[in-house]
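Residue-level listing of the chains:
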Amino acid sequence: MLHRRIYQFLIVYALGICMLFLVKFALNLSDYVIPSPMEVWTTARQVFLRYLVNVMDTLAVAVIGHILSIFMATVVGIIGRLTSGVGSLIKIAAFNIQAYPIVAVAPIIFILLGDGPASRLLIASMICYFPLLLSVLGVLTEPVSDIEHFYRVTGRLTWQLEVKIRVFENIAKLTTVVSGSATLAMVGTIVAEFIAADAGIGYTIRIALYQSDLAKILVALFLIGIWTSLYLVCLEWLGHLIQKKWQR
Amino acid sequence: MLIECHDLNYQYPSSSTQVFQQLSCRISGPGFHALFGPSGVGKTTLAKMFAGLVKGFSGEINTDPKVRVLYTYNLERLPGWSVVGEHLTEISPPDTTKHLKNLTESFGIEECLKNRFSRLSLGQQNRTNLTRYLLQDFDLLIMDESLANVDEATRETIILKMKRMFSQKTFLYISHNVIEVAKFCKDILVLRDVQKPPQITVIKGQDHTGEHAPDRQALEQTMLEIVHAS
């Protein structure tokens, strides 16, 4: 699993870099527009450690934001599965709010909360929260009639059992959704850092952008890709463990 | 009277097709009764109405409030997080341990207890599902094709065992097997299309208990009556 993810990223990254150099040499562009391979290598050696710390900072915020959004989506999903007015309201609200681009609200968050980690965390959570919520709501509101029937007619169906049945029956789907939303958490954090934060790899890329230093941006992208892949691998492995333990 | 319905009228939601028109019938227990009829005439719908799982009909279904009706069907599954044995123990009321052992032996599912439900054959799954319902407190158990995919000999063993073990309970057995319902059931409610009144006819079955060999001629006569009525 680990090898596959890393290989996939390395192949995509290498293809991207090759394309870039191909364009550079084909159009005879200056090093100022697209740096030479040697310049990229020199920059990598210079900034690697600093960028690594920045990526770890971003990843930490993304992971916490992701965990927060999983927790919120689970709680709201459990309430939303109710057929009562509250449940319907939550479902309608979730469908409508998720249609709005959360990034557009980010400046308001920075104005209210400042450019510290709280804003980054909130934006990261919000960006991956709604897709997660929709999936969790979909799973928890869909009855598994052929299993639930017995418990329902014998008066044994508690809400905890209902949630357990529905989660168990959709564990593979939920694991995939959680892994998929991890990328969104990372995207959310970087976007937040682009906009106004004062730390993280997004902030570093923003500075590199102001300096028009593509070499630095390429190094940052490499580190983001590797660490996002590692995080995804961790989540997939956890999901695999849960499935294996439950379906043993 | 265990359950009785008068002038039932029903059509499926978002459909203009009438399923029941002025349908009246009764099930007086205890014993093994059958609901028989071709596919699509509304057997499952009527059974679900008896169990209180389908609403939105006109007419009356009268039953003693103390009567506990359970409805089971052949596509039910047990949760996959534990083995069948653990599940059966978990859902068995404390005083039914002896029943559980007895039923698993008679139904031939002892070997299944260590496995997960998804690993069982369809016949084993249906027998396991029926077992857990028999362990519950009920007065009327509606079995909607609950013995589908079970071979004929085992089906016979199961029905006879149920009749002996639960002689004070009432069963409504939904099946497409005319020989089986004619042989083992007491009252056979033959349901037919709404366009062919009367929509329901009650035929006396042979109510075979396994003590004596069934009267072959009488059995054939019952089967003919069922076929005519359906």
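Since this is a predicted model, take the numbers as computed values, not measurements.

Comments concerning the overall build of chain B
Logical step 1: Helices and strands together make up the secondary structure of chain B, namely 7 helices and 9 strands.
Logical step 2: Its C-alpha radius of gyration of 18 Å places chain B within 12% of the 17 Å reference for a compact globule of 230 residues.
Logical step 3: Its C-alpha atoms put chain B at 50 × 45 × 30 Å along the principal axes.
Logical step 4: Burial status across chain B gives 39% buried among its 230 residues.

Comments concerning the interface of chain A and chain B
Logical step 1: In this complex, chain A contributes 10 residues to the contact, which on the side of chain B involves 10 residues.
Logical step 2: Those elements that place two or more of their residues in the side of chain A that touches chain B are α6 (145–153) and α7 (159–169) of chain A.
Logical step 3: A breakdown of the residues in the side of chain A that touches chain B according to their chemical character gives 6 nonpolar, 3 polar and 1 charged.

Section: the sheet that holds strand β1 (residues 3–11) of chain B
Residue and element names in this part refer to chain B.
Logical step 1: Read from one edge to the other, the open sheet built from 3 strands follows the order β2-β1-β4, with strand pairing classed as antiparallel. One side of each edge strand has no neighbouring strand; the edge strands of this open sheet are β2 (18–27) and β4 (58–63). Going across the sheet, the axis of each strand differs from the next one's by a mean of 15°, ignoring polarity.
Logical step 2: Two strands pair when backbone bridges link them, and β1 and β4 are joined in this way by 5 bridges, in the antiparallel orientation. Its bridge partner being in β4, Ile3 is matched across the sheet by Thr63.

Some remarks on the confidence of the model for chain A
Logical step 1: The share of residues in chain A with pLDDT of 70 or more is 97%, and the mean pLDDT across the chain is 86.
Logical step 2: Here helix α3 (residues 85–98) of chain A stands out as the least confident element of chain A, with mean pLDDT 72; α6 of chain A is the most confident, with 94.

Comments concerning unusual backbone geometry
In terms of backbone geometry, most residues other than glycine have negative phi values and most peptide bonds are trans.
Residues and elements named next belong to chain B.
Logical step 1: A cis amide bond, omega -5°, links Pro197 with the succeeding residue Pro198.
Logical step 2: Residue position: Pro198 is located in the loop between β8 (187–191) and β9 (200–204).
Logical step 3: Phi is positive for Asp7, close to 50°, though the residue is something other than glycine.
Logical step 4: Topologically, Asp7 is positioned in strand β1.
Logical step 5: One non-glycine residue, Asn149, lies in the positive phi region at around 65°.
Logical step 6: As for its placement among the helices and strands, Asn149 is situated in the loop between β6 (140–144) and α5 (152–165).

Section: the packing of helix α5 (residues 117–141) of chain A against helix α8 (residues 171–195) of chain A
All names here are of chain A.
Logical step 1: Contact geometry for α5 and α8: axes closest at 7 Å, N-to-C directions at 155°. On the basis of the axis angle, α5 is roughly antiparallel to α8. In the crossing of α5 with α8, the sense of the turn from one axis to the other is right-handed. Of α8, the residues touching α5 (which contributes Ser119, Arg120, Ile123, Ala124, Met126, Ile127, Cys128, Pro131, Leu132, Ser135 and Val139) are Lys173, Leu174, Val177, Ser181, Leu184, Ala185, Val187, Gly188, Thr189, Val191, Ala192 and Glu193.

A look at α6 of chain A
Logical step 1: Among the residues of α6 of chain A, Ile147, Glu148, His149, Phe150 and Val153 of chain A are the ones counted as buried.
Logical step 2: The inward-facing, buried residues of α6 of chain A abut α7 of chain A together with β5 (69–73) and α4 (122–134) of chain B.
Logical step 3: Of the residues flanking the end of α6 of chain A, it is Gly155 of chain A, one or two places downstream, whose phi is positive at about 70°.

Observations regarding the pairing of β1 of chain B
All names here are of chain B.
Logical step 1: In the sheet, β1 pairs with β2 via 6 bridges, with the strands oriented antiparallel. Counterpart to Ile3 in the pairing with β2 is Ile27.
Logical step 2: Here β1 folds back onto β2, and the loop between the two strands holds 6 residues, one of which, Ser14, carries a positive phi near 55°.

Examining the nonpolar core
Logical step 1: One finds Leu35, Ile142, Leu172, Tyr173, Val181, Ile188 and Leu189 of chain B to be the most contacted residues of the largest nonpolar core, which totals 61 residues.
Logical step 2: No other element matches β2 of chain B, which puts 5 residues into this core.
Logical step 3: Excluding residues within four positions of it along the chain, Ile188 of chain B makes contact with Ala34, Phe36, Val181, Ile203, Gly205 and Ile226 of chain B.
Logical step 4: Grouped together as the second largest cluster of nonpolar side chains are 51 residues, Ala94, Ile190, Val219 and Ala220 of chain A included.

Overview of the confidence of the model for chain B
Logical step 1: Here chain B averages 89 in pLDDT, while 100% of its residues score no lower than 70.
Logical step 2: Prediction confidence for the complex, expressed as pTM and ipTM, is 0.81 and 0.91 respectively.

Looking at the sheet that holds β5 of chain B
Residues and elements named next belong to chain B.
Logical step 1: A sheet is described by the order of its strands in space; here 6 strands give the open sequence β5-β6-β7-β3-β8-β9, paired in mixed fashion. Looking at the sheet topology across the chains shown, the edges are occupied by β5 and β9. Ignoring strand direction, the axes of neighbouring strands in this sheet form an average angle of 20°.
Logical step 2: Two strands pair when backbone bridges link them, and strand β3 (residues 31–36) and β8 are joined in this way by 3 bridges, in the parallel orientation. Its bridge partner being in β8, Leu35 is matched across the sheet by Leu189.
Logical step 3: Against the sheet, helix α7 (residues 216–229) engages β3, β8 and β9, with an angle of about 180° to β9.

Rules used throughout
Residues numbered from 1 in each chain as written. Chains lettered and ligands numbered in written order. Predicted model: local features only at pLDDT ≥ 70, side-chain atom pairs only at ≥ 80, totals over all residues. Helix = DSSP H or I, 4+ residues; strand = E, 2+ residues; numbered from the N terminus. Rg over C-alpha atoms; globule rule 2.2 N^0.38 Å. Buried ≥ 20, exposed ≤ 12 C-beta atoms within 10 Å, placed from the backbone. Contact = placed C-beta atoms within 7 Å. Nonpolar A, V, L, I, M, F, W, Y, C, P; charged D, E, K, R; others polar. Pairing = 2+ DSSP bridges. Axes fitted to C-alpha atoms, helices over the stretch in contact; angles between N-to-C directions. pLDDT = per-residue confidence, 0-100. Parallel < 35°, antiparallel > 145°, perpendicular 65-115°, else oblique. Left-handed = near helix turned anticlockwise from the far one by under 90°. Core = buried A, V, L, I, M, F, W, Y, C linked by C-beta atoms within 7 Å.

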